[in-house]
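The residues making up each chain are set out below.
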Amino acid sequence: MNNKEQVHPHPLTQVIQETSDIFREMGFAVADGPEIETEYYNFDALNIPAHHPARDLWDTFWLKTNDQQPTTTNKDKDKSGCQSSVVSGELLRTHTSPVQVRYVETHKPPIRIIVPGKVYRHEATDAAHEAQFFQLEGLMIEEEVSIANLKYVLNQYFEKLFETKTEVRFRPSYFPFTEPSVEVDTSCFNCSGEGLILMGTKGKIVGERKTRTDYKVCSVCKGSGWLEIMGAGMVHPKVLQAMKINPRRYRGFAFGGGIDRLAMLKYGIDDIRLFYTADLRVINQF
Amino acid sequence: MLVSYKWLQGYFDEPLPPAEKLVELLTRYAFEVESVEKRGEDSVLYVKVLPDRAHDCLSHIGIAKEISTISRLPLKTGLVSARQLSAPESNLLKAESEDPALCPRFSALVIENVEVKESPGWLKDLLAAIGQKSVNNIVDVTNYCMFAYNQPLHAYDLGKLSSGEEGYKLTARTAGKKMKFLALDDKEHNLVETDLIIADGVSGETLGIAGIKGGKAFQIEENTKRIALEAANFNPVSISKTSRRLSLLTDASRRFENGISPSLTLIGLSEASRLILEIAGGEKIRVEGLCDFYPRRANPYKLGVSLSEVRNWLGLDITSAEIEEILNRRGFEWGLVSPREEIVARAKELIGVPYKYGSSVLYDAPKTFDCSSFTAYLCAQAGASIPRMTIDQYVWMESVEDGEAQPGDFVFSNTHDLKRVIRTESVEFMAGTKVPDGVDHVGVLLGEGKVVHATETAGKVIKEELAGAPRFQDLRGFRRAVSDGKRYVVTVPDERLDLRIKEDLIEEIGRLYGYDRIGSRTISGFPQEPEINKTAYYCDRIRDLLRAKGCSEVITYALRSDGEVELENPTASDKRFLRRNLSDALSESLEINVRNADLLGLDEIKIFEIGNVFPKEGERLSIALGVKNGRGSAKKETEEVKEIVSMLSAELGVEFPPPNGAVYEVNLGKILDGLPAPEKPLSYEKPLSFSYKKFSPYPFVVRDIAVLSSEEPKKVEEFVVNGAREAIKGSKIDLVNSRIFDVFEPKEGGKSTAVRLVFQSSERTLTDSEVNEIMKKVTEDVSEKGWQVR
């Protein structure tokens, strides 16, 4: 930690830079957008209408409006994180997905972008949760795009990021802005999906398996062999329409996940808050 | 949703796979299962039902159907969902809804001579397994039916209601005025005008907050003899608004706010009456009758998809046989149709059906049509969900050349009928798409020059020659709804409100086939070089430049105790505002880090942050950097900052405003505006992989030692460090840092080398005396070497 000639960027910056580089090779550009968003871009355009219980999936910070008295009490919003008044509010974006819509409004397909950016969630903080964190969003829209293409792209990404052969697994999921929707797991990079680590080594099981007692449970995947890492799916036709793209002609996939979680996994950091304490005892290790 | 294994088993004749196996199957094909817990002889699964499946799977029958589909175990035959409730119309009770948009269906059943008592053990056990308290047999049955079939029920003591000339009456209506209401939870709730309530239709008294909670005053008690069971269907948005405003989220409100099928009311009542007759009565118990208010019955929903669509969306060479197997296993009623043939065949059947403007496809077809509900209905039968309005259909469909139009294609026109608005812009599909000449009428081609269309002028669906047809004088062209491939047309089960577009059906097929069986397919090269994001490019440039100057990048919290933009719902009072700048947090972070300068082995702390700030003028990108000296740093902090900033100006070729302090901040967005668009991406060097090491939470201890010798300082440091390492060997103390901090040659000769040693334990706070002990040993070593400790 005392090698000051080797100051590295913040670990999150490092993951973002590496991610951007990997995706650039596959033709994806980086897009960005504001952190203060409108209800339209954060929710409505993404097929998450007001008063729909799906909004509960995102606990939202709303901004106080200066000129209007909100018609609901703070308490209501605290409970639900959902604005139930008629005031169309500004909010802190709860995901980077609004940037998809903003970008496509000004670009025509074919589209390949990633959006790394800061997002906010109205929730209590602990080692695994932060009110602010970074998300990685991806979007590809062309005439012929499929779930199988999504699998390819994510597989390439994880193999390069974790520097090991990786399997990607999809499971059923639901997001208002994708249909079909999938949960994305990758095989654990630490144990190569075995769930076990040979004692006295850092990594993979090589050659014949010895007896069970020679192994310990992998601390990264807790023995499951898989890491839950992202949500993804085919862009919902309503979202394509909000982007002014004719869903009869184009299809797309989108994915999104936490950059903090990727960095925690990649570097073995066990507390998300360490990214934001500005503590050089952490940062100068990088 | 908590799911009892025993409860599930009740829906199957054959034994279910063990709970662990169910978890695996559900996770792979339907839902994640958070946990499995043994409770007595039962196992309880916590199934994370996906939000779009709340319509049908917040129920044991829903989960049982999933398991049956996945595991191929057949459900028991004759389950209640397949049975009809056979009860005469009630003479005692009327149920009605004042606004069918808010309460589309209101079914109620009267049962007489019930005996309110404790529930039987099996019922108490099942409810207990999923965390429900037993109240009495009647209330337990209503709860049981909700968790079994997803239909919330409510039981009223009919004796407590008022009776008029026509008997009792339950009315679903809005509250109409502000009122207080004492609910079953013994809490008083403040209702507003628009809240939906259930009222006593005779006395006008409020009986319950519709779909959320019943009233204290009308609850079932021990002496209750005659009950009314309510099974209604409510508007999801209305229930959601009320329950959230009241912070009253109940098992019932959760189901209603997600939306459930109106078809469930009779299923719920049927099962409830069966159970109540079984467990709540003597000989005289009887179902008096049913009242079913259901003015607008929805048609079954039809949905279609083609083999090639399933293949293209999933990227999978699935076969027709595999799709058919899945549809059958799912229990769907389905057919394989040639779309245009189907459209023609159905159109012919419907000639003569009355015209009614504004007819709904879901509710009025095939009894009445207008021109576009007719075509939308035809397309639905052929497995194409097309928009409802003529202009949207026009935009949605593919244009066909005049000579190419086939039977089953559609013809559009502008009638110039001034009675209605003739639209020139699409409304729902690709809203705002211009159709400059306007379009307001559509019909379907039968071939041989014939068209079938629903028309107001004839008052019905008619067949006529297209040439010369009065409504088709000014044609807008021919269009095709679906390509020619055969389509699987599925009649969606009532409760599956999540299946509404073809993508939903693709998902259903894909997940039941197994997402894990979808391989990966490469993507083509991108036609052009990806754009370079200017902001990201320059931020990364700056990061590189600052890093070369020994600056570390930090990311601080954007939510702070003061600022200019305030949050409506902060999580804490010290996080009420969005930061107005970066430098406040940066200054704090300098203070904190400088205390660790010795531990870090740094003379000065140099940090920067790039991030968005939120002054009242609006969000913008900012950069801040700061320097703070540790012990023994010679350079002035302000000088150092100046140097770094002028380096940035020189390297980037843009003028940064000059700094005047140890912490500097500037509007980075503005600076970037003055920079050219980047031409090629920055080269990126992948850092070496490594693992983060936890730092000790305990304080570190610093000791300096100055040694007079003739040796090179490096040698002296090495000797001192080795001595210290030797001294701490076997203890839980670490030498976490060491460095030479001063070298000079005194007049009396030799060389004085001052070494700073930093000790820390990862397990406890070090005491002075134990560090002194270490230093004593080091000092002794140095003296033995013949050097002098100054």
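Here, every reference points to the structure presented above.
For every chain, the first residue of the written sequence is number 1, and numbering continues from 1 along that sequence. Following the order in which they are written, the chains are lettered starting with A and the ligands numbered starting with 1. Under the rules for a predicted model, residues below a pLDDT of 70 receive no local features and side-chain atom pairs below 80 are neither given nor counted, while totals for whole chains, interfaces and linings still include all residues. For side-chain calculations, the full set of non-hydrogen atoms in the structure is used, while hydrogens and water are omitted.

**Examining the interface of chain B and chain A**
Alright, step 1. We call two residues in contact when some of their heavy atoms are within 4.5 Å. With 104 residues of chain B in contact, the opposing surface of chain A contributes 111 residues.
Alright, step 2. Values labelled buried area give the accessible surface lost by two parts on being combined, using a 1.4 Å probe and summing over both. It is B:Ile555, B:Glu568 and B:Tyr692 that lose the most area in chain B upon contact with chain A, and together they represent 9% of the buried surface on that side.
Alright, step 3. What counts as a salt bridge is simple: a side-chain nitrogen of Lys or Arg found within 4 Å of a carboxyl oxygen of Asp or Glu. If you look at where chain B meets chain A, you find five salt bridges.
Alright, step 4. Close ionic contact of B:Glu529 with A:Arg24 constitutes a salt bridge, the shortest N to O distance being 3.5 Å.
Alright, step 5. Any N or O atom pair separated by 3.5 Å or less is treated as a polar contact, with the protein-specific requirement of one donor-capable and one acceptor-capable atom, and with residues adjacent in sequence counted only for side-chain atom pairs. Taken together, the links from chain B to chain A amount to 40 residue pairs in polar contact (both at pLDDT 80 or more).

**Some details on the pattern of salt bridges**
Alright, step 1. Summed over the entire model, instances satisfying the criterion amount to 85 salt bridges over all chains.
Alright, step 2. Ionic pairing is found between A:Glu37 and A:Arg102, a salt bridge with its closest N-O pair at 2.7 Å. Highlighted residues: A:Glu37 in strand β2 (residues 36-38) and A:Arg102 in helix α4 (residues 97-105), separated in sequence by 65 residues.
Alright, step 3. Note on exposure labels: buried denotes an accessible area under 20% of the residue type's maximum, exposed denotes more than 50%, and partly exposed covers the range between, all computed with a 1.4 Å probe on protein chains only. A relative accessible area of 26% means that A:Arg102 is categorised as partly exposed.
Alright, step 4. A cluster of three or more residues bridged by salt bridges with shared partners is formed by B:Arg53, B:Asp56, B:Glu66, B:Arg330, B:Arg496, B:Asp498, B:Glu508 and B:Arg511. Secondary structure counts use DSSP, requiring at least four H or I residues in a row for a helix and at least two E residues in a row for a strand, with both numbered from the N terminus.

**Overview of the sheet that holds strand β20 (residues 450-455) of chain B**
Residues and elements named next belong to chain B.
Alright, step 1. Strand order in the open sheet formed by six strands is β17-β22-β18-β19-β20-β21, and the pairing between neighbours is antiparallel. Looking at strand neighbours, the two that pair on one side only are β17 (398-400) and β21 (460-465), the edges of this open sheet. Between one strand axis and the next, the sheet turns by 35° as a mean value, whatever way the strands run.
Alright, step 2. When DSSP locates at least two bridges between a pair of strands, those strands are taken to pair. Sheet topology places strand β18 (residues 410-413) next to strand β19 (residues 441-447); four bridges connect them, and they run antiparallel. Within the sheet, the bridge partner assigned to Ser413 lies in β19 and is His441.
Alright, step 3. Simply put, an axis is a line fit to the C-alpha atoms, just over the touching stretch for a helix, and the angle between two N-to-C directions goes from 0 to 180 degrees. On top of the sheet, helix α12 (residues 339-349) reaches β18, β19, β20 and β22 (475-480); it is set at about 105° to β19, its chief contact.

**Observations regarding the state of the cysteines**
Residues and elements named next belong to chain B.
Alright, step 1. The term disulfide is used for any two cysteine sulfur atoms that are within 2.5 Å. This structure, assessed with the given rule, holds zero disulfides over all chains.
Alright, step 2. Cys103 takes part in no disulfide bond, and the closest cysteine sulfur, belonging to Cys291, lies 11 Å away.
Alright, step 3. Left unpaired, Cys145 is separated from the closest cysteine sulfur, that of Cys57, by 18 Å.
Alright, step 4. Under the relative-accessibility criterion, Cys145 is labelled buried at 0%.

**Quick notes on the pairing of strand β2 (residues 32-39) of chain B**
Residues and elements named next belong to chain B.
Alright, step 1. Examined bridge by bridge, β2 and strand β3 (residues 42-48) share seven bridges and lie antiparallel to one another. Residue Lys38 lies in a different strand from β3, and its bridge partner there is Ser43.
Alright, step 2. Between β2 and β3, which pair antiparallel in sequence order, lie two residues; one of them, Gly40, sits at a positive phi of approximately 60°.

**Notes on the packing of helix α7 (residues 236-245) of chain B against helix α8 (residues 251-258) of chain B**
All names here are of chain B.
Alright, step 1. It is the contact of α7 with α8, at a shortest axis distance of 7 Å, that shows an interaxial angle of 140°. Classified by the interaxial angle, the pair formed by α7 and α8 is oblique. The two elements α7 and α8 cross, and the hand of that crossing is left-handed. Contact residues: Pro236, Ile239, Ser240, Ser243 and Arg244 in α7; Ser253, Phe256 and Glu257 in α8. Angle categories are assigned with fixed cut-offs, so that under 35 degrees is roughly parallel, over 145 is roughly antiparallel, 65 to 115 is roughly perpendicular, and the rest are oblique. Crossing handedness is read from the near helix: turned anticlockwise from the far helix by less than a right angle, it gives a left-handed crossing, and turned clockwise, a right-handed one.

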